[in-house]
Amino acid sequence: MAKTSLYDTTFCKTQQRLALRNCGVIDPENIDEYIAMDGYRALGKVLTEMTPDQVIDTILASGLRGRGGAGFPTGMKWKFASGNRGNVQKYVCCNADEGDPGAFMDRSVLEGDPHAVVEAMAIAGYAIGADQGYIYVRAEYPIAVKRLEIAIDQAKKYGLLGKDIFGTGFNFDLSIRLGAGAFVCGEETALMTSIEGKRGEPRPRPPFPAVKGLFEKPTILNNVETYANIPQIILNGAEWFSSIGTEKSKGTKVFALGGKITNTGLVEVPMGTSLRHIIEDIGGGIPNGKKFKAAQTGGPSGGCIPAEHLDTPIDYDNLLAIGSMMGSGGLIVMDEDNCMVDIARFFLDFTVDESCGKCTPCRVGTKRLLEILDKIISGNGEMEDLDKLEELANYIKSASLCGLGQTAPNPVLSTLRYFRDEYIAHIVDKKCPAGVCKKLIRYEIDPEKCIGCGMCAKKCPASTIQKTDYTAPGHKLPSMKIEQANCVKCGACMDTCKFGAISKH
Amino acid sequence: MKKKLTTVEFHGTPEQEAALRAVIKKHAGEKGAMMPILQEAQGIYGYLPIEVQRIISLETGVSMEEIFGIASFYSQFKLNPDGKYAIAVCLGTACYVKGSGEVIEEISKQLNVPVGSTSSDGKYSVEATRCLGACGLAPVMTVNGEVYGSLKKSDVATILAKYV
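Here is what the cut-offs are and how they apply
- Residues numbered from 1 in each chain as written.
- Chains lettered and ligands numbered in written order.
- Predicted model: local features only at pLDDT ≥ 70, side-chain atom pairs only at ≥ 80, totals over all residues.
- Heavy atoms only, no water.
- 1 Å grid on protein atoms, 1.4 Å probe; cavity = no way out; pocket = protein on both sides within 12 Å on 5 of 7 lines; lining within 4 Å.
- Points joined across faces, edges and corners; volume = space filled by probe spheres on them.
- Helix = DSSP H or I, 4+ residues; strand = E, 2+ residues; numbered from the N terminus.
- Nonpolar A, V, L, I, M, F, W, Y, C, P; charged D, E, K, R; others polar.
- Phe/Tyr/Trp six-rings, centres within 6.5 Å; stacked < 30°, edge-to-face > 60°.
- Buried < 20%, exposed > 50% of the residue type's maximum accessible area, 1.4 Å probe, protein only.
- Lys NZ or Arg CZ within 6 Å of the ring centre and 35° of its normal.
- Patch = residues over 30% accessible without salt bridge, like charges linked within 9 Å, V, L, I, M, F, W, Y side chains within 5 Å.
- Areas by Shrake-Rupley, 256 points an atom, 1.4 Å probe, with all protein chains shown as cover.
- Salt bridge = Lys/Arg side-chain N within 4 Å of Asp/Glu carboxyl O.
- Pairing = 2+ DSSP bridges.
- Axes fitted to C-alpha atoms, helices over the stretch in contact; angles between N-to-C directions.

A few words now on the layout of surface pockets. All names here are of chain A. The space that makes up the second largest pocket amounts to roughly 1200 Å³. What lines the second largest pocket is a set of 45 residues, and nearest its centre among them are G68, G69, A70, G186 and E188. Sorting the residues of the lining of the second largest pocket by element identifies α5 (74–80), β5 (219–223), α13 (316–321) and α17 (403–407) as the ones contributing at least two each. Here the element with the most residues in the lining of the second largest pocket is β5; it accounts for 5 residues. Of the residues belonging to the lining of the second largest pocket, the class tally is 16 nonpolar, 19 polar and 10 charged.

Structure, rendered in structure tokens:
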């Protein structure tokens, strides 16, 4: 019988690994293994065979767009910062502050292939005329930090960082800066303020970082996954890269597939792959025979995509058109047991906590949105609250200073757009169809099935389950009953009952 | 995120202070060094009390106001040391209905430690947590990870007596 390799499984076969090509393949703590995989050849090529403008033109022609979320063309960013080379101090920064709950592709690249980021940043330094780079990485990623440190040390020893790289007179040095647990520091100006050693608050743009960035000098900032693509684009050419993907989104994208899905993990597919393919073929579908309800992309900045859009080819523009965004690539699958109002509330709770407080629309607006959602899930919502939510959400989007506030209402807006019926069920019928929102559900004991053992009453934390005077035919003891007024909806009774007599409504 | 100033008396040792001064010296003249200095200072002391911030301010010439602004902005920086006994009371719904609000009030009263802070001798820290997922045992509290369930206000004295 022929052996099936891991690479023959549907999970692996339809993936195309560019950013992750070395992850799990080479020893990330050994620079020789990276070099054996053509590592640092791209840096050698740009330094010895290409002018800085040619490097920028190649990146422009490749069509590479920022993998951190917004999808700004990387080559354009580099071009804007390329003026006046050699006469002004400039900086190259790497955003490795992966703050989205549920996304971990940047951590994988840093832990599995740190040299790719180091090499790409040196290439970027050459292209714009910078001799210093900073990698801003979350303190919560200790292994990534350690491997980056090792990689930078090794590269310095080999003369691939530091003075006179490849004997060409090009100097480039790299430092690591640790984050300290602030989601807003994923925003570019906030990140730079944080590297400067201040409170990580964003600042208005313009001036854009390409003009006035870190320490008020021209700066480019790219995401880890973006950098991981750069060396291959240099080696294989812009045409090769732009042959992958869709018309406006080139290359591949890594998604962190999670939630109610059979196969979880990192998935790298060409842009334009449909959500259905990722979820049903690669992800193996939804476990336990449950029905798909929504896919959430873009984390707290993104939105929920319903079943009717599963066949949309995913790229930056299509995701925006259906009310979500690419974001860093978190992809959380939800089934019929998830309440979409509760999901919107969950993300709002997160953004309220993480709003830096600098601008009013975000600081106050997100809090007010959360209060309206709280009102709805506690059964006190009115239909006019839906209009209020939409109106306020649009104000916050248009008036907030940075990306955090401008995208914070997206989870609310997208669930309102596709799952309005669930909001209405909460408001009009005072019911949570998925049975999640505690104030709107009730547990009930079926007197015909209850044998009166009393186990549920013993477990009930609120002591709200009592005996009735009704004994079902064939049973010896009277059945039990839940006093709804005192029930705390913890569900302990239902978990305890061995006879399936307790149900949730 | 709200942060409260500590009431714990500062017990820094001369060794710690020497280590801190060495850290500041190492970063002297470096651009944007305040975050690494605070991170390493927290590594030395376990938290960032005003006394430590003052040393950093005097040594670097950066104002206290700015340093405190940074220390209170990032969730990783602690202004309060954890107590020797870290007490966490669940204020999840099931616990709350069964009187965990009364329990945490009683603990706070008996120890004279406001909720969300650490006693001035550094012995106890009292914290309200979200649901611990032990609703069947409600109300629940943990002391250094040890779980106590089905609490009543009257149990508090007995439990606290174990941690002196």
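Within the structure shown, the criterion is met by 16 aromatic pairs over all chains. Between the aromatic rings of Y74 of chain B and F77 of chain B, the centroid separation amounts to 6.0 Å while the plane-to-plane angle is 85°, which identifies the pairing as edge-to-face. Taking relative accessible area as the criterion, Y74 of chain B reaches 0% and is therefore assigned buried. Residue classification places F77 of chain B among the buried residues on the basis of a relative accessible area of 2%. Taking 5.8 Å as the distance between ring centres and 35° as the angle between the ring planes, the aromatic pair formed by Y85 of chain B and Y124 of chain B counts as tilted. Of the two residues, Y85 of chain B sits in strand β1 (residues 85–90) while Y124 of chain B sits in strand β3 (residues 124–129), which places them 39 residues apart along the sequence. Of the two residues, Y85 of chain B and Y124 of chain B, both sit in the buried class. The rings of Y85, Y124, Y148 and Y163 of chain B are connected pair by pair, giving a single aromatic cluster. Directly above the aromatic system of Y141 of chain A lies the positively charged group of R107 of chain A, at a separation of 5.9 Å from the ring centroid. Across the ring face of F255 of chain A, the terminal group of K253 of chain A is positioned such that the distance to the ring centre comes to 5.9 Å.

Time to look at a nonpolar patch on the surface. Judged by side-chain polarity, F72, M76 and F80 of chain A come together as a nonpolar surface patch covering roughly 280 Å² of accessible area. On the basis of relative accessibility, which here comes to 51%, the residue F80 of chain A falls in the exposed class.

Another point: the sheet that holds strand β8 (residues 292–297) of chain A. Adjacent strands of a sheet pair through backbone hydrogen bonds, lying either parallel or antiparallel. Residues and elements named next belong to chain A. With mixed pairing, the 5 strands of this open sheet are ordered in space as β7-β6-β10-β8-β9. If you trace the sheet from one side to the other, it starts and ends with β7 (265–270) and β9 (303–306), each paired once. Going across the sheet, the axis of each strand differs from the next one's by a mean of 30°, ignoring polarity. Taken together, the 4 bridges between β8 and β9 define a ladder with antiparallel strand orientation. Across the sheet, the residue bridging to A295 is I305, located in β9.

Residues and elements named next belong to chain A. The tally for this structure, following the rule as stated, stands at 31 salt bridges over all chains. Note that K146 and E29 form a salt bridge whose closest N and O atoms lie 3.6 Å from each other. Pair noted here: K146 is in helix α8 (residues 142–157) and E29 is in the loop between α1 (10–13) and α2 (31–36), with a separation of 117 residues, a long-range link. Residue K146 is classed as partly exposed on the basis of its relative accessible area of 45%. The salt bridge involving R276 is made with D311; its shortest N-O contact spans 2.7 Å. Linking R276 in helix α12 (residues 275–282) with D311 in the loop between β9 and α13, this pair joins segments that are 35 residues apart in sequence. Here the residues in one salt-bridge network are K375, E382, E384, D385 and K388, joined through shared partners.

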